[in-house]
Amino acid sequence: MTGDKISRNKQLRRQYPHKSNDKESKIMSTARQLRQLLENNAPVVAPGAFDGLSARLVEQAGFPAVYATGGGIARSTGIPDLGLMSLDEIVKRLESMVEVTTIPLIGDADTGHGNALNAQKTARAFERAGVAGFHLEDQVFPKRCGHYDDKSIVPTREMTQKIIAVRDALENPDSVLIARTDGLAVEGYGPTIERAHAYMEAGADVIFVEAPTSVEQIEQIAKDLPQPKLINMFHGGKTPLMPAGRLGELGYRIIIIPSDTQRAAIKAMQDTLAAIARDGDSGAMSDRMVTFKGREEIIGTDAYLELDKRYGV
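Residues numbered from 1 in each chain as written. Predicted model: local features only at pLDDT ≥ 70, side-chain atom pairs only at ≥ 80, totals over all residues. Heavy atoms only, no water.

**Observations concerning the nonpolar core**
Counting 54 residues, the largest nonpolar core has L94, F126 and F134 as its most contacted members. Top contributing element to this core by residue count: helix α5 (residues 87-99), with 6 residues. (Core = buried A, V, L, I, M, F, W, Y, C linked by side-chain atoms within 4.5 Å. Buried < 20%, exposed > 50% of the residue type's maximum accessible area, 1.4 Å probe, protein only. Helix = DSSP H or I, 4+ residues; strand = E, 2+ residues; numbered from the N terminus.)

See below:
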């Protein structure tokens, strides 16, 4: 094989990692890559994605990781984030996102879809799908969005046993296990910090205290939890927005921004539909739409067509 062909094959594999003959190597490398990112001083900013296209856009925008938002995945099917999707439905979506990206994907495992044994099954399924890391939360199953009211959480002991079970189930030692607690809105600050310490002692790599409601609380959490932390930052939630640099100084190693991309897409679709209803076409929105050619470049149509020619009869 000539040097040009070898170079082109490598380029195609980078663009289409799902075409690689070594899927296990890719899974291992993205998990290891996420761990390496967590060791850096700068926080890992992971915007939310909910399907293959949005995951591709996150990577193409230059972000080091993508967050597969469980709420976004649910809402993309037209239902709210109330734990209504099955494990199989979520895993299928995760697989489609991993297939078309090369950066680490952080998944949302919700409560593990049941007890400790269910959580083990979820962890194995996420790992097989190619997820580099995921968070497991202490809400009662079925859960609800962390920024909804009237949440319920399980006893600390039940959650720590889930964490131990999940850690035992994981085959890849590089897989990043993130423990999330929704205790702030249920038990208050002190008990939530106690839970967080217990979850880390049980084997979590990163702690995620959901929905702090003030800058002062975000800073206090950082003081009381020196371990690696994840924080959920999105416009319009219960948590105030803070600069990524400042969050990094406080020890927050992952910043997820789950819903903003989907909410922006919803607004853009609403505006386009309104223009079509008013004018009979979308011409008035042309400067706010990607071109036909631009869309095909995003999804790599030319490379697919080249592969089709290569393998055609």
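**Some points on helix α8 (residues 189-202)**
Counted at 1.5 Å a residue, the expected span for α8 with its 14 residues is 20 Å, and the 20 Å between its end C-alpha atoms agrees. Of the residues making up α8, those classed as buried are T192, I193, R195, A196, Y199, M200 and A202. The secondary structure elements touched by the buried residues of α8 are α7 (156-169), β5 (176-181), β6 (206-209) and α9 (215-224). In the stretch just after α8, G203 is the one whose phi turns positive, near 130°. (Expected span 1.5 Å × (residues − 1). Contact = heavy atoms within 4.5 Å.)

**Description of the sheet that holds strand β2 (residues 66-68)**
Strands belonging to one sheet form pairs held by backbone hydrogen bonds; the direction of such a pair is parallel or antiparallel. Here 8 strands make up a closed barrel; going around it, the order is β1-β2-β3-β4-β5-β6-β7-β8 and the pairing parallel. Each strand axis lies, on average, 25° off the axis of its neighbour in the sheet, ignoring direction. As paired strands, strand β1 (residues 44-49) and strand β8 (residues 252-257) are joined by 4 bridges and run parallel to one another. When the bridges of β8 are listed, V45 appears paired with I255. Against the sheet, α5 engages β1, β2 and β3 (105-108), with an angle of about 170° to β3. (Pairing = 2+ DSSP bridges. Axes fitted to C-alpha atoms, helices over the stretch in contact; angles between N-to-C directions.)

**Here we look at the side chain of K162**
Secondary-structure assignment places K162 in helix α7. Although K162 is buried, it forms no salt bridge, and the closest oppositely charged side chain is E158 at an N-O distance of 4.9 Å. In contact with K162, other than residues within four places in its own chain, are T111, G114, N115, A116, A119 and L136. (Lys, Arg positive; Asp, Glu negative; His and termini not counted. Salt bridge = Lys/Arg side-chain N within 4 Å of Asp/Glu carboxyl O.)

**Concerning the pairing of β1**
Working note: regular strand, side chains alternate between the two faces of the sheet. With respect to burial, β1 is a largely interior element, 6 of its 6 residues being buried. In this fold, the crossover linking β1 to β2 by way of helix α3 (residues 52-60) has right-handed handedness. (Right-handed = clockwise from strand over helix to strand, strands pointing away.)

**Re the side chain of T192**
Summarising the element assignment, T192 is placed in helix α8. There is a polar contact of 2.6 Å between the side chain of T192 and the backbone oxygen of G188. Among residues more than four places away in sequence, those in contact with T192 are T181, G183, L184 and V209. (Polar contact = N/O pair within 3.5 Å; in protein donor to acceptor, adjacent residues only side chain to side chain.)

**Overview of the packing of aromatic side chains**
Counted according to the given criterion, the structure contains 1 aromatic pair. Seen from their ring centres, F126 and F134 are 5.7 Å apart, and the 70° between their planes marks the pair as edge-to-face. The buried category is assigned to F126, whose relative accessible area is 0%. Its relative accessible area of 3% is what places F134 among the buried residues. Its guanidinium or amino end placed over the ring of Y252, K229 lies 5.5 Å from that ring's centre, counting from NZ or CZ. Sitting over the ring of F292, R295 keeps its end group 4.6 Å from the ring centre. (Phe/Tyr/Trp six-rings, centres within 6.5 Å; stacked < 30°, edge-to-face > 60°. Lys NZ or Arg CZ within 6 Å of the ring centre and 35° of its normal.)

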